[in-house]
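Below are the chains, spelled out letter by letter.
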Amino acid sequence: MGKVITLATSKGGAGKSTLARNIAAHWLNVGMRVAVIDADPQGSIIKRHDPNGLLSKLVVIAQPEEIVDSTINELKTDYDYIIVDTGGFRNRTTVKALISTDLAIIPLKPSADDVAGALETHNLIKEINKTPERLSNPIRYKMIITMSQQGTVIARHVRSELEQIGYLVLKAEMYHRVAYPEAAIKGLSPCITDPEGAAARDIAQIISEVDDFIAK
Ligand SMILES: Nc1ncnc2c1ncn2[C@@H]1O[C@H](COP(=O)(O)OP(=O)(O)OP(=O)(O)O)[C@@H](O)[C@H]1O
Ligand SMILES: [Mg+2]
């Protein structure tokens, strides 16, 4: 059965769609069967996806409605990974996606607003974990710091504050790199356009940690 990874935070612009597209591209590169569900009504992924382009093997399905859980379940038998990109606000579709997920990834830039959005999403997950669907099998999550400048104090500070309270934060970060928005113009990922480059290496590290966490 495929693993479901949902990117969620109520803060807009934290890097959900970028991370979704890039982890999908990485898993495709290593031979996995990957489907992306674009559950954001803005459709940032589906709008830029070129079914005849370099990511043609990636299956992208737009499903911004509450029936996203059925879409997830339909895809589970045919794909190794189903990646769900959600909107930058709380809605029923995001709740339904989270109920069906194996792992929630909560991206946050090192900024107060993004931390607030991440904590709000963590609270939402805690609420969902009290419902009958997830009471015996609580949603697992990891936060990830995005768009950080390597070696800057602010990212380290945000990380240590979160970790001190006990939040789970991936060690790997999606550093600020222009390669992401450049590749995104054509709906692509540095994992495809520059597989030996720094951004592709970052994504590989993120995936390695995610894979370890899922396997536990
Ligand atoms: N690591 C990065 N380095 C540089 N730019 C980035 C990085 N990650 C994302 N961006 C850019 O930041 C912007 C916001 O990213 P993205 O669209 O992925 O966020 P989002 O959380 O999906 O936003 P929304 O809530 O609107 O859906 C985009 O222009 C994207 O290209
Ligand atoms: Mg988005």
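About the thresholds
- Starting from 1, residues in each chain are numbered consecutively following that chain's sequence as written.
- Numbering of ligands from 1 and lettering of chains from A proceed in the order in which they are written.
- Only residues with pLDDT of 70 or above have their local features reported here, since the model is predicted, and side-chain atom pairs are shown and tallied only from 80 upward, although totals for entire chains, interfaces and linings are computed over all residues.
- Values reported for side chains reflect all heavy atoms of the structure, with hydrogen atoms and water molecules removed beforehand.
- Two rings belonging to Phe, Tyr or Trp (six-membered ring only in the last case) form a pair when the distance between their centres is within 6.5 Å. Interplanar angles under 30 degrees mark stacking, angles over 60 mark edge-to-face geometry, and anything in between is tilted.
- Per the convention used, a helix needs a DSSP run of H or I reaching at least four residues, while a strand needs a run of E reaching at least two, with both numbered from the N terminus.
- Classification of residues uses two cut-offs on accessible area relative to the type maximum, computed with a 1.4 Å probe and protein chains only: under 20% is buried, over 50% is exposed, and between them is partly exposed.
- Here, a charge over a ring means that NZ of Lys or CZ of Arg falls within 6 Å of the ring centre while also lying within 35 degrees of the ring normal.
- Two strands qualify as a pair provided that DSSP identifies no fewer than 2 bridges between them.
- By convention a crossover is right-handed if, when the strands point away from the viewer, the path from the first strand over the helix to the second runs clockwise.
- Nearness of a residue to a molecule or strand requires only that one of the residue's heavy atoms be within 4 Å of it.
- Under the rule applied, a polar contact is a pair of N or O atoms within 3.5 Å (in protein, one hydrogen donor and one hydrogen acceptor; residues adjacent in sequence only if both atoms are side-chain atoms).
- Values of accessible area rely on a 1.4 Å probe in the Shrake-Rupley scheme; residue burial ignores everything except the protein chains shown.

**Q** Residue-level account of the packing of aromatic side chains, with values.
**A** Considering all chains together, one arrives at one aromatic pair under this definition. Taken together, a centroid distance of 3.6 Å and an interplanar angle of 5° make the contact between Trp27 and Tyr81 stacked. With Trp27 in helix H1 (residues 16-29) and Tyr81 in strand E4 (residues 81-85), this residue pair connects regions lying 54 residues apart in the sequence. The exposure class assigned to Trp27 is buried, which follows from its relative accessible area of 2%. The ring of Phe213 has Arg140 lying over it, and the distance from NZ or CZ to the ring centre is 4.1 Å. One residue, Lys142, lies across the ring of Phe213, its end atom 4.8 Å from the ring centre.

**Q** Hey, could you go over the pairing of strand E5 (residues 103-108) for me, with residue numbers and the actual values?
**A** Side-chain positions along a regular strand alternate between the two faces of the sheet. E5 sits mainly inside the fold: six of its six residues count as buried. As defined by bridge partners, strand E1 (residues 3-7) adjoins E5 across three bridges and the pair is classed as parallel. Bridge pairing links Leu7 to Ile105 in E5. Note that E5 and strand E6 (residues 140-145) share six bridges and pair parallel. Looking at E6, one finds that Ile105 is bridged to Lys142. Regarding topology, helix H5 (residues 112-128) serves as the crossover connection from E5 to the parallel E6, and that connection is right-handed.

**Q** Please give an account of the site of ligand 1 that cites residues and values.
**A** Near ligand 1, the surroundings consist of 17 residues, among which Gly13, Lys16, Ser17, Thr18 and Tyr175 are the closest. Within the contact set of ligand 1, a nitrogen atom lies 2.9 Å away from a backbone nitrogen or oxygen of Tyr175. Arg177 has a polar backbone atom sitting 3.0 Å from a nitrogen atom of ligand 1. Bound to the protein, ligand 1 loses 78% of the 630 Å² it would expose on its own. Those elements giving two or more residues to the shell around ligand 1 turn out to be H1 and helix H7 (179-184). Here the shell around ligand 1 takes three residues from H1, the largest share from any one element.

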